[in-house]
Amino acid sequence: MNILQLLRSINPLELRGSWKTTLCGMVAVLCLTASEFELPPPEYRKVVEFTGLSALGLGLMLARDANKRSED
């Protein structure tokens, strides 16, 4: 399957997930992409990388199955 076809077949309204893990993932991707393209000034690059990696770790800790409750 072509990647473009795959992206078109995904309906974001059908995805079930936590807003916390989604937010952490978005922050991680944004920070690490900006750092990779060297967009932040050199004095803030370490802070941006730390923020991205921290968001990635926090998102992984918050991730769980969508069909499970906290009590389970």
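Just so it is clear, the model here is predicted, and its values are computed rather than measured.

What counts and how
- Residues numbered from 1 in each chain as written.
- Predicted model: local features only at pLDDT ≥ 70, side-chain atom pairs only at ≥ 80, totals over all residues.
- Heavy atoms only, no water.
- Helix = DSSP H or I, 4+ residues; strand = E, 2+ residues; numbered from the N terminus.
- Buried < 20%, exposed > 50% of the residue type's maximum accessible area, 1.4 Å probe, protein only.
- Areas by Shrake-Rupley, 256 points an atom, 1.4 Å probe, with all protein chains shown as cover.
- Axes fitted to C-alpha atoms, helices over the stretch in contact; angles between N-to-C directions.
- Parallel < 35°, antiparallel > 145°, perpendicular 65-115°, else oblique.
- Left-handed = near helix turned anticlockwise from the far one by under 90°.
- Contact = heavy atoms within 4.5 Å.
- Nonpolar A, V, L, I, M, F, W, Y, C, P; charged D, E, K, R; others polar.
- Expected span 1.5 Å × (residues − 1).

Student: Sorry if this is basic, but what is going on with the overall build of the protein here?
Tutor: When you go through the protein residue by residue, the secondary structure sums to three helices and zero strands. Counting from the amino terminus, helix and strand elements in the protein follow one another as α-α-α. Residues counted as buried form 14% of the 72 residues belonging to the protein. Counting every atom, the protein has about 6400 Å² of accessible surface; 63% of that belongs to carbon and sulfur.

Student: Explain unusual backbone geometry here, please?
Tutor: What is expected of a backbone is that most residues other than glycine have negative phi and most peptide bonds are trans. For Glu 38, which is not glycine, the phi dihedral falls at a positive 55°. Examined against the element boundaries, Glu 38 turns out to sit in the loop between α2 (19-36) and α3 (45-62).

Student: What am I meant to see in the packing of α2 against α3 here?
Tutor: Helices that pack against each other are described as a pair by the angle of their axes relative to one another and the distance between those axes. Between α2 and α3, whose axes approach to 8 Å, the crossing angle comes to 150°. Judged by the inter-axis angle, α2 sits roughly antiparallel to α3. Considering only the axes of α2 and α3, their crossing is left-handed. Of α3, the residues touching α2 (which contributes Lys 20, Thr 21, Cys 24, Val 27, Ala 28, Cys 31, Leu 32 and Ser 35) are Arg 45, Val 48, Glu 49, Thr 51, Gly 52, Leu 53, Ala 55, Leu 56, Leu 58, Gly 59 and Leu 62. Across the contact of α2 with α3, the residue classes tally to 11 nonpolar, five polar and three charged.

Student: It is not clear to me how α3 should be interpreted in this structure. Could you clarify?
Tutor: Three- or four-residue spacings in an α-helix give side chains the same orientation, since the helix completes a turn every 3.6 residues. With 18 residues, α3 should cover 26 Å at 1.5 Å per step; its first-to-last C-alpha distance of 26 Å lies within 8% of that length. Where α3 is buried, its residues meet α2.

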